[in-house]
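# Examining the three-dimensional arrangement
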Amino acid sequence: MRRKLLTSGVALGLLGATALATPAHAANVVSAPLAFSAAEAQQVAAFWLADGAANLRAATPFAPPHEVRGERTSGAIVPSTQPVQYNPVAPLAEGDLPQTAGKVFFVGGDEQPHWCSGAAVHTQYRNVVATAAHCVYDTVGAPVTTHNWVFIPGSAEGATPFGLYVGKRAFTHYDFTQYQDHDRDFAFVNVYSGVVPSADGTLTTNGRLADIVGGQGLTFNQEINETTAPAVDIFGFPAGPHPDATRPYTGQSLERSTGRTSAMSLTSPPADQLVGVESPFTGDGSLGSAWLKDYSDEHGLGYLNGITTGVSDTDGDGRYDTGVSPYFDTELAMIFKAAAASWTGRIT
């Protein structure tokens, strides 16, 4: 399949920002190493792929506190500047769409393997994954990054259909790492080029993430109100129960829901500017799911405009009916641009 670049939106040349360290030029950008050498990244890949991918198969959906109490409202979120879009890029690989969706695997503070949802996003180095910040940082005690962080697009039952991508560096917002601010619960992670296991157990380079599976675009500073709010398609791997204990999802297959976004009025947790969307996804496993605006079934691509960081039962019937995301604003775009400018490379 020949790779095609969708041409609507702002040119990707705008992504050429200077890489930001910690502390960063922009005070709110925080970056942290995950596997900062090829040798370390090889060890991370071996951890997940050894013994027939035993640790991948043993991983459970990450289940931190994720229930949001509140309701979708008719209030508006009006950005102070014009909306901006960065273009998606189509995949080279053949497969079911969207190929960008996958699972983020890591070892948490309990020293057990877990997973969240995530998605590949298009950047100049084709190496960025978007997910929830609490799927990168262990927030029990002082926030520290999780261990053995990898992304596997199309993951199911230990399979790596498009390769395994080891995280090199994570970028998130200062307010999340310092205050666990729910308005800033997002992360962009640079990953090395993918690897696939050979028959003899050695690792072979697969290619850059977005070259293989494509990369979603990104849009921010979109107005949110009840009359013009866009519908979005959510892609993730929900697995946990509803409050009434029913379990409609297994977490073993990619699920999709479609709903209209709205502002949220919260009673807990404290947050200033979260966005809600009509969605029946449960929380465990779906945290980190991508919200895609203007999604194309033909191309499997759209514009990332939300990341599930919580779920809510707004009508009290025992079933989650709303997904919750930080509002995508200029602060988020600053974090994204820092990750977009960071090169990674190969581990083999």
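For the structure, see preceding data.
Sequence order sets the numbering: in each chain, residues are counted from 1 along the sequence as written. Only residues with pLDDT of 70 or above have their local features reported here, since the model is predicted, and side-chain atom pairs are shown and tallied only from 80 upward, although totals for entire chains, interfaces and linings are computed over all residues. With hydrogens and water set aside, each side-chain value is computed from the structure's full complement of heavy atoms.

### Some words on the overall build of the protein
- Put simply, DSSP marks the helices as runs of H or I at least four residues long and the strands as runs of E at least two long, and each gets a number from the N terminus on. Looking only at helices and strands, the protein has four helices and 22 strands in total.
- Only protein chains enter the accessibility calculation, which uses a 1.4 Å probe; a residue whose area is less than 20% of its type maximum is buried, one above 50% is exposed, and one in between is partly exposed. Taken over 348 residues, the protein has a buried fraction of 58%.
- Should any heavy atoms of two residues lie within 4.5 Å, those residues are considered in contact. When contacts within the protein are restricted to residue pairs at least 6 apart in sequence, long-range pairs at least 24 apart make up 74% of them.

### Details of the state of the cysteines
- We call a pair of cysteine sulfur atoms a disulfide whenever their separation is within 2.5 Å. Tallying each qualifying case throughout the model produces one disulfide.
- Residue C116 pairs covalently with C135 via a disulfide, S to S 2.1 Å. For the disulfide bridge between C116 and C135, the dihedral angle about the S-S bond is near -80°, and by the sign convention the bridge is left-handed. Residue C116 is located in strand 6 (residues 113-121), and its partner C135 is located in the loop between strand 7 (128-131) and strand 8 (137-138); the two are separated by 19 residues in the primary sequence. Taken as a pair, C116 and C135 share a single burial class, namely buried.

### Brief notes about unusual backbone geometry
- Of note, A53 is a non-glycine position whose phi angle comes to about 60°, a positive value.
- Non-glycine residue N148 carries a positive phi angle of around 55°.
- The residue N148 is located in strand 10 (residues 147-153) in this model.
- In this structure N148 comes out as partly exposed when scored by relative accessible area, which is 22%.

### A short note on the side chain of D211
- Its location among the elements puts D211 in helix 3 (residues 209-213).
- Taking relative accessible area as the criterion, D211 reaches 13% and is therefore assigned buried.
- Any pair of N or O atoms that falls within 3.5 Å is considered a polar contact. Within protein, one atom must be able to donate a hydrogen and the other to accept it, and sequence-neighbouring residues count only if both atoms are side-chain atoms. There is a polar contact of 2.7 Å between the side chain of D211 and the side chain of R208.

### Details of helix 1 (residues 38-58)
- Multiplying 1.5 Å by the residue count of a helix minus one yields the expected span of that helix. Taking 1.5 Å per residue as the helical rise, helix 1 with its 21 residues ought to reach 30 Å, whereas the 25 Å between its terminal C-alpha atoms falls clearly short.
- Bend, in this description, refers to the angle at a residue between axes fitted to the seven residues ending there and the seven starting there. In helix 1, a bend of some 115° at D51 exceeds every other bend along the element.
- Turning to helix 1, its buried residues are A41, V44, A45, W48, L49, A53 and L56.

### Structural notes on the layout of surface pockets
- Here a cavity denotes grid points, spaced 1 Å and computed from the protein atoms alone, that fit a 1.4 Å probe unable to get out, and a pocket denotes an open set having protein on both sides within 12 Å along at least 5 of 7 lines; residues with an atom within 4 Å of a point are the lining. Grid points are joined across faces, edges and corners, and a volume is the space filled by probe spheres set on the points. Taken as a whole, the largest pocket holds about 520 Å³ of empty space.
- Contributing elements (two or more residues each) for the lining of the largest pocket: strand 2 (60-61) and strand 8.
- Residue classes follow a fixed rule: Ala, Val, Leu, Ile, Met, Phe, Trp, Tyr, Cys and Pro count as nonpolar, while Asp, Glu, Lys and Arg count as charged, and any other residue, Gly among them, counts as polar. Per-class residue counts for the lining of the largest pocket are 12 nonpolar, 12 polar and five charged.
- Lining of the second largest pocket is provided by 15 residues; of these, D96, P98, A101, G154 and L254 occupy positions nearest its centre.
- Split by residue class, the lining of the second largest pocket holds eight nonpolar, six polar and one charged.

### Remarks on the nonpolar core
- The biggest cluster of nonpolar side chains holds 54 residues, and the ones touching the most others in it are V136, W149, F188, L209, L218 and L304.
- Counting residues per element, this core draws most heavily on helix 4 (residues 330-340), at six residues.
- With residues near it in sequence (within four places) discarded, L209 still touches A120, R126, V128, V129, F151, P153, Y165, V191 and G214.
- Definition of nonpolar core: a set of buried residues of the types Ala, Val, Leu, Ile, Met, Phe, Trp, Tyr and Cys, connected through side-chain atoms within 4.5 Å. Counting residues in each nonpolar core, the second largest holds 21 residues, with A35, W48, L56 and V150 among its members.

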